[in-house]
Amino acid sequence: MSWFRQKLRKITASGEDRTEIPEGFWLKCNGCKEIIYRKEVDANSKICPKCNYHFPISVDERVGLICDPHTFKAWGGELKSKDPLVFKDSVRYRDRVKKAQKKTGRNDVMVCGDAAICGRPVVLGIMDFEFMGGSMGSVVGELVTRAAERALKKRVPLILFSASGGARMQEGILSLMQMAKTSVAIARLRENGVPYISVLTDPTFGGVAASFSMLGDVNIAEPGALIGFAGPRVIEQTIKQSLPEGFQRSEFLLEHGMVDMIVDRKTLRDTLGRLVAFFGSTAVAAGH
Amino acid sequence: MVRQYLDFEKPIADIHEQIESLRASGAAPGTHDKELERLTKKAHSLEVDIYGKLSPWQQTQLARHPERPSMLDYVEKFVEGFLELHGDRAYRDDPAIVGGIGRIGTREVVIIGNQKGRTLKTRVIRNFGMANPEGYRKALRLMHMAERFKKPVVCFVDTPGAYPGMGAEERGQSEAIARNLMEMGRLKVPIVVVIIGEGGSGGALAVGVGDRILMLENSVYSVISPEGCAAILWKDGTKTATAAEALKVTAKDLLALKVIDEILPEPLGGGHHDVTQMSTTIRTAIVRHLDQLEKMSEKERTEARYQKFRAMGVYEG
């Protein structure tokens, strides 16, 4: 089995066995398998200095990397799931949520806030994959919608970072409807000339890929991220053959015209700043 | 055509078999009249009993019944002057989605729907109703045409889901679905959606955003198939009945969750038992809703559609 296929196996809907950076001085890179010095990775925006593999980073680290210092003001963190279906598989949905809340210290996946990037105001939303695999239920749908409505009201760019296995099955049809809800909210931005930049990070799949995260005026992907509609395993089971190396990676999406660019984490802030400056100037020119 | 029975219809099948053998016994006319009458009555009461309390999984099976009327069956029944229009103008024509123009009553409409195929051969051609990106793009092209010429759109939903294939990913299945959701959210003409069979996740929703969402009594609509959900959450692909129950996939569930607007009643045992009656019910509902929607201004209608989807979801805080 090649390294690529071994990595594919790690993508699951729940994302529970996703690789995290273990504690200690040294760590093994998921990309090149080299043993590297932890501090070196930390100092390098959690990017492998040898192969440019982008390690997963926390929401707080993300905020630190892209926002102007001390400008991020979170809102909406009080929203919680209500278990509308009273769903239970081997574990009750309520208990899964509680466990994820304890693990992450937040109520649900989406972290929203007002912030500034390169001196310009934006509305920002970042998904936390560690919370139930970044799955989209009613809370994610509502927060994306509120973020879009807030961006529209303030006439500032909306920037959303996605990382998700897809819709949250435990909310049944209501989770599917969040795809429509969020896409319709993005439609309003388009109609009113308010820019939306989507940043797709590893991994972005299913109902999140097939709704707001593909709808940016500009779509940006992080290097090497897995992005797609159907998960690799589902496709392999359907076509009964294994997938080629690099399938559904950011570079594959760029080649097939689905994203505008792949941007290294270290230059992402500058790129977002450049885009926000561009869109800002058109808004002024249009008299808004 | 020989009637096909589902496993839970077995008791009904047995009686029908008895009736058939009595009729075929060659006895003088009238010999078995009493027995036949008794059996027919028994069959009917069994049907009332069995179809009256279907489990979500049984309804799922009915929604996927090979004889269940498809979009094209309804088009044949109540759409006049139907002309099918093909292709997305970019890649190819996807037979898993049918689109065209036609008249319902005096009203010219654009009609779009998933089509699973009605024979083994056409099922293969139509990829069992699982569309590729070009199918959704064809649907969108026709919706934009409807908008330009101010014609309402009627969508029929019946698909296991969007096709999870390599080509679909290469051509942007996510983007195609996402764009349809966004564009259907802002389309300036009325959209009436009817879930006629299986509403399979994003592949159904991509032709399922509208001002009115109607659902046939035995149709199902779900974020994931009961099979898929059972495999992922129960780690046991045979737990389909349990998953179907937990997922709340039936028309009644969806009405309670405010995802659909109206349930259209089916003939006893499902739409395939009386296609004419089923067609009349659907046609009448479509006309009634289009009458209502056309009384609204464009602005009122799109605002109401926004608020309709805006309100979906349950959370606290």
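Here the structure is a predicted model, which is why all the values come from computation and not from measurement.

Draft legend 1. Highlighting the overall build of chain B. Scanning chain B from N- to C-terminus turns up 14 helices and 9 strands. In terms of its C-alpha atoms, chain B occupies a principal-axis envelope of roughly 65 × 50 × 40 Å. If you take every contact in chain B between residues at least 6 apart in sequence, the share linking residues at least 24 apart comes to 72%. Of the roughly 13400 Å² of accessible surface on chain B, 54% is carried by carbon and sulfur atoms.

Draft legend 2. Quick look at the nonpolar core. Ranked by size, the top nonpolar core spans 110 residues in total, and within it L158(A), I112(B) and Y221(B) carry the most contacts. Those residues within four positions of I112(B) in sequence are excluded, and the remaining contacts are M71(B), I97(B), V98(B), G99(B), A139(B), L142(B), M143(B), V153(B), V154(B), C155(B), F156(B) and V207(B). Of all hydrophobic cores here, the second largest spans 24 residues; its members include V75(B), V98(B), V192(B) and L264(B).

Draft legend 3. Examining the confidence of the model for chain B more closely. When pLDDT is averaged along chain B, the result is 95, and 99% of the positions lie at 70 or above. On the interface metric, ipTM, the complex scores 0.95, and its pTM is 0.93.

Draft legend 4. A look at helix α4 (residues 71–78) of chain B. Counting buried positions along α4(B) gives 6 out of 8 residues, so the element sits mostly inside the fold. Burial in α4(B) covers these residues: M71(B), L72(B), D73(B), Y74(B), V75(B) and F78(B).

Draft legend 5. Quick peek at the interface of chain A and chain B. Taken together, the 59 residues of chain A in the interface contact 49 residues of chain B. On inspection of chain A and its partner chain B, the count reaches 4 salt bridges. Between R186(B) and E191(A) there is a salt bridge, and its shortest N-O distance comes to 4.0 Å. Our count for the contact surface shared by chain A and chain B stands at 15 residue pairs in polar contact (both at pLDDT 80 or more). Those elements that place two or more of their residues in the side of chain A that touches chain B are β4 (80–81), α5 (138–154), α6 (172–191) and α8 (232–239) of chain A. Looking at the side of chain A that touches chain B, the element that brings in the most residues is α6(A), giving 18 residues. Classifying every residue of the side of chain A that touches chain B by side-chain character gives 32 nonpolar, 14 polar and 13 charged. In terms of strand pairing, β4(A) meets strand β9 (residues 315–316) of chain B through 2 bridges, oriented antiparallel.

Draft legend 6. Looking closely at the domain arrangement of chain B. Residue and element names in this part refer to chain B. Split into domains, chain B comes out as domain 1 (7–53) and domain 2 (60–310). Each of domain 1 and domain 2 has a C-alpha centre, and the two are 36 Å apart. Residue-level contacts link 7 residues of domain 1 with 6 residues of domain 2. Counting the surface lost from both domain 1 and domain 2, the interface buries some 490 Å², and carbon and sulfur atoms represent 67% of this. Counting across the interface, domain 1 meets domain 2 through 0 salt bridges. Taken together, the connections running from domain 1 to domain 2 amount to 0 residue pairs in polar contact (both at pLDDT 80 or more). For the side of domain 1 that touches domain 2, the class distribution of residues is 3 nonpolar, 1 polar and 3 charged.

Draft legend 7. Focus on unusual backbone geometry. With an omega dihedral of -10°, the bond running from D202(A) to P203(A) counts as a cis peptide bond. The topology assignment puts P203(A) in strand β8 (residues 196–205). One non-glycine residue, S201(B), lies in the positive phi region at around 50°. The backbone phi angle of K235(B) is positive, close to 50°, even though this residue is not glycine. Looking at the secondary structure, you find K235(B) in the loop between α10 (226–233) and α11 (240–247).

Draft legend 8. Inspection of the pairing of strand β7 (residues 158–164) of chain A at higher detail. Residue and element names in this part refer to chain A. In terms of burial, β7 is a largely internal element, 7 of the 7 residues being buried. Pairing between strand β6 (residues 120–127) and β7: 4 bridges, direction parallel. Across the sheet, V123 pairs through a bridge with L158, a residue of β7. In terms of handedness, the path from β6 via α5 over to β7 forms a crossover that is right-handed. By the bridge criterion, 6 bridges tie β7 to β8 in an arrangement that is parallel. Across the sheet, residue L160 finds its bridge partner in β8, namely S198.

Draft legend 9. Main features of the packing of aromatic side chains. Residue and element names in this part refer to chain B. In total, this model carries 8 aromatic pairs over all chains according to the counting rule given. Relative to F78, the ring of Y74 lies with its centre 6.5 Å away and its plane at 25°, an arrangement referred to as stacked. Separated by 4 residues within a single helix, Y74 and F78 lie in helix α4, roughly one turn from each other. Overall, the relative accessible area of 0% leaves Y74 in the buried class.

Criteria and cut-off values
Residues numbered from 1 in each chain as written. Chains lettered and ligands numbered in written order. Predicted model: local features only at pLDDT ≥ 70, side-chain atom pairs only at ≥ 80, totals over all residues. Heavy atoms only, no water. Helix = DSSP H or I, 4+ residues; strand = E, 2+ residues; numbered from the N terminus. Contact = heavy atoms within 4.5 Å. Areas by Shrake-Rupley, 256 points an atom, 1.4 Å probe, with all protein chains shown as cover. Core = buried A, V, L, I, M, F, W, Y, C linked by side-chain atoms within 4.5 Å. Buried < 20%, exposed > 50% of the residue type's maximum accessible area, 1.4 Å probe, protein only. pLDDT = per-residue confidence, 0-100. Salt bridge = Lys/Arg side-chain N within 4 Å of Asp/Glu carboxyl O. Polar contact = N/O pair within 3.5 Å; in protein donor to acceptor, adjacent residues only side chain to side chain. Nonpolar A, V, L, I, M, F, W, Y, C, P; charged D, E, K, R; others polar. Pairing = 2+ DSSP bridges. Domains from an automatic or database assignment. Buried area = accessible area lost by both parts, 1.4 Å probe. Right-handed = clockwise from strand over helix to strand, strands pointing away. Phe/Tyr/Trp six-rings, centres within 6.5 Å; stacked < 30°, edge-to-face > 60°.

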